[in-house]
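Notes for the structure review
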Amino acid sequence: MQDKYDDQEFSIIALAVDRENEPGLRNLIKKQRINYPVLLADEAVKKNFGGIAILPTMFLINREGILLKKYSGHIERDSLIRDIEQALNL
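In this text, all values refer to a predicted model and were calculated from it rather than measured experimentally.

So, about the pairing of strand S3 (residues 57-61). As paired strands, S3 and strand S4 (residues 67-72) are joined by 5 bridges and run antiparallel to one another. Paired with Leu60 across the two strands is Lys69, which belongs to S4. With antiparallel pairing between neighbouring strands as the criterion, S3 and S4 make up a hairpin whose turn holds 5 residues, including Gly65 at a positive phi of roughly 85°.

Another aspect to go through is the packing of aromatic side chains. Applying the stated criterion across every chain, the model contains 2 aromatic pairs. Ring geometry for Tyr5 against Phe10: centres 5.6 Å apart, planes inclined by 70°, an arrangement best described as edge-to-face. Note on accessibility: Tyr5 and Phe10 belong to one class, buried. Aromatic side chains Phe49 and Phe59 sit 4.7 Å apart centroid to centroid with 45° between the ring planes, which places their arrangement in the tilted category. Taken together, the residues Phe49 in the loop between helix H3 (43-48) and S3 and Phe59 in strand S3 connect sequence positions 10 residues apart. For Phe49, a relative accessible area of 29% translates into the label partly exposed.

This next bit is on helix H4 (residues 77-87). Listed in full, the buried residues belonging to H4 are Leu80, Ile81, Asp83 and Ile84. The buried residues of H4 occupy an angular sector of 165° when the element is viewed end-on, so they sit on one face. Facing away from the buried surface of H4 by more than 90 degrees, the exposed residues are Asp78, Arg82 and Gln86. Buried-residue contacts for H4 involve helix H1 (2-5), S3 and S4. Where H4 terminates, the next one or two residues include Asn89, which has phi positive at roughly 60°.

Reading the values: the criteria
Residues numbered from 1 in each chain as written. Predicted model: local features only at pLDDT ≥ 70, side-chain atom pairs only at ≥ 80, totals over all residues. Heavy atoms only, no water. Pairing = 2+ DSSP bridges. Helix = DSSP H or I, 4+ residues; strand = E, 2+ residues; numbered from the N terminus. Phe/Tyr/Trp six-rings, centres within 6.5 Å; stacked < 30°, edge-to-face > 60°. Buried < 20%, exposed > 50% of the residue type's maximum accessible area, 1.4 Å probe, protein only. Arc of directions from axis to C-beta. Contact = heavy atoms within 4.5 Å.

Pasting the structure below:
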């Protein structure tokens, strides 16, 4: 999705919560060919985003930094694309 919407000033930023397994995280990024930033989230970050009880948890945030939607658990690709395109006014 990063490539698909890159020209729309869309960015994906991943927050990893497993701070004890940085080597495993680096291997996953390489294996999955992740082409967007993956940052390590500490407890304060998790709290500021309303808590992360389920993995994966995703947040859709607009250009102004406003949280539009929080997804807990798996979400269908088509639903995510619809929400992204709505946020981008496409």
